[in-house]
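Structural features, examined
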Amino acid sequence: MMADLSAVTSRRVTVLGSTGSIGVSTLDVIAHARETYGADAFPIEVLTAQSNVELLAEQARRFRPRMAVIGDAARGGALKQMLAGTGIESAAGREAVIEAAARPSDVVMVAIVGAASLAPALAAVRRGATIALANKECIVAAGDLFRRAVAESGATLIPVDSEHNAAFQLLNFDEAHAIERVTLTASGGPFRDWPSERMAVATPEQAVAHPNWSMGAKISVDSATLMNKGLELIEAHFLFSLEPDRLAVLVHPQSIVHCLVSYADGSTLAHLSAPDMRTPIAHALAWPRRMSSPSRRLDLAMLNKLTFEVPDPERFPCLNLAQTCLRQGGLAPTILNAANEVAVQAFLGRRIGFLDIARVVEDTLSARTANSTAIPRDVDGILDADRQARDLADTICRRMAA
Ligand code: NAD
Ligand code: MG
């Protein structure tokens, strides 16, 4: 007999960033739920995207949201035309994305890339929605503020980032005193065993060719530098209130074990799954229940072995930069994230080399350390620091490119 999941499948969902890697996987999970539990499962309130108006319109026609929003204001006319006669509302522009997040719905999947997600994510937090948080940059950039907003509104935060979703499933907060260590695993990315000389001339194509996961360009580059794991340590600190010395990283090239939680009695619990984001997405949409997902299943007999190693700080300096910022606190993580976003874009645009990413981040941080300890009390303060760090990082990139 099939379980009654109607209280789960009747949840109304908003997907911010529906055309990206996580957005597409989210709609895939919803399509599977509609096949499995009924065509009316997970009614959709809004789908948003930044520029891919064709895919957004196609998704809207298939998934029938009440509204579709395109972030790039210049494409609003095209979206409206493509949705003519469907009865689906459309809107365009940055403010429209934020307003879309504020519209009533039960669950908001935050799958926008970068700190651009901060304002829409906060709009959803402030109305007390359940936030399925895939984006990590917003919580790195505005950790304390984000956490406070969640506490004040009574919003529910479910991490979707695979390691944090795994930790969320493993952590027993009633016994928080006994949590000795939370270890996030990293695949090591495509350059795990490359010497620095080879990394120095790595191309964007090589950097985004991730061995295990298929992801957007920005997070793929972050995985190649290990900055992704650095951002994730900061994310874990803010999500779970864990001090830096209780957080660790292990390189695990098979990406099967996503997180390990070690308790005071010597027990270590691990979360395993095939590397497929549809698993944490389905978990977040159904929490605290469990539902069917179309994800790849784990076959340990086929895999034969799982290996673990310590990350190399020499070849992957971004991890240390992030750990230092985590310990410093204040605006250091905000600046780290902003400088990294700029550096990654410059690398993807072939203006700087792969190893320059860490240099840009490091130079931006050292130029800004003097006033990076005060924590702004509002979003504008964070956005201000974010903008200043971006300008500085941009200047440093130009100097390197010259
Ligand atoms: P992506 O680049 O594939 O998609 C990004 C989405 O955000 C697109 O829909 C795009 O239209 C939208 N977008 C981009 N810029 C925007 C802006 N300025 N305003 C509004 N919308 C904008 O990225 P992704 O790989 O799906 O990653 C999304 C987020 O999830 C990132 O923060 C990433 O770190 C995190 N994440 C991704 C994965 C993964 O497997 N892809 C895993 C864990 C965490
Ligand atoms: Mg992750």
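Check the entry above for the structure.
Conventions and cut-offs
- Residues numbered from 1 in each chain as written.
- Chains lettered and ligands numbered in written order.
- Predicted model: local features only at pLDDT ≥ 70, side-chain atom pairs only at ≥ 80, totals over all residues.
- Heavy atoms only, no water.
- Helix = DSSP H or I, 4+ residues; strand = E, 2+ residues; numbered from the N terminus.
- Buried < 20%, exposed > 50% of the residue type's maximum accessible area, 1.4 Å probe, protein only.
- Contact = heavy atoms within 4.5 Å.
- Core = buried A, V, L, I, M, F, W, Y, C linked by side-chain atoms within 4.5 Å.
- Phe/Tyr/Trp six-rings, centres within 6.5 Å; stacked < 30°, edge-to-face > 60°.
- Lys NZ or Arg CZ within 6 Å of the ring centre and 35° of its normal.
- Pairing = 2+ DSSP bridges.
- Axes fitted to C-alpha atoms, helices over the stretch in contact; angles between N-to-C directions.

1. Overview of the environment of V221
Residue placement: V221 occurs in helix α12 (residues 217–225). Looking at V221, the relative accessible area reads 0%, which means it is buried. With 142 residues separating them in the primary sequence, V221 and L79 have C-alpha atoms 30 Å apart. If we skip the residues at most four places from it in the chain, V221 touches A207, V208, V344, F347, L348 and I357.

2. Points about the nonpolar core
Across soluble globular proteins, nonpolar side chains have a tendency to be buried as a group. If you look at the biggest cluster of nonpolar residues, it comprises 134 residues, and the most contacted ones within it are F146, V182 and L336. Of the residues forming this core, the biggest block, ten residues, is contributed by helix α17 (residues 332–348). For V182, the residues in contact, after removing those within four places along its chain, are A167, L171, L242, R246, L247, A248, C259, L260 and V261.

3. Here we look at the packing of aromatic side chains
One pass over the structure, following the stated rule, counts five aromatic pairs. Arranged with centres 4.9 Å apart and planes meeting at 90°, the rings of F191 and F354 form a pair that is edge-to-face. Here F191, found in the loop between β8 (179–186) and α10 (196–200), pairs with F354, found in the loop between α17 and α18 (356–368); they are 163 residues apart in sequence, far enough to count as distant. Pair check on accessibility: F191 and F354 agree, each one buried. An aromatic cluster is defined as three or more aromatic residues linked by ring pairs; in this entry it consists of F191, W194, F347 and F354. The cationic tip of R198 hangs over the ring face of W194; the distance from NZ or CZ to the ring centre is 3.6 Å.

4. Some details on the sheet that holds strand β9 (residues 247–251)
What links the strands of a sheet is backbone hydrogen bonding, and the strands pair in either a parallel or an antiparallel sense. The strand order across the open sheet formed by four strands is β9-β8-β10-β11, and the pairing between neighbours is mixed. The sheet is open, and its two edges are formed by β9 and β11 (268–272), each paired on a single side. Strand-to-strand twist in this sheet, taken as the mean axis angle between neighbours without regard to direction, amounts to 20°. Bridge count between strand β10 (residues 257–263) and β11: five bridges; the pairing is antiparallel. For S262, the partnering residue across the bridge sits in β11 and is T268. The sheet contacts of helix α9 (residues 162–170) involve β8, β10 and β11, and relative to β10 the element is tilted by about 35°.

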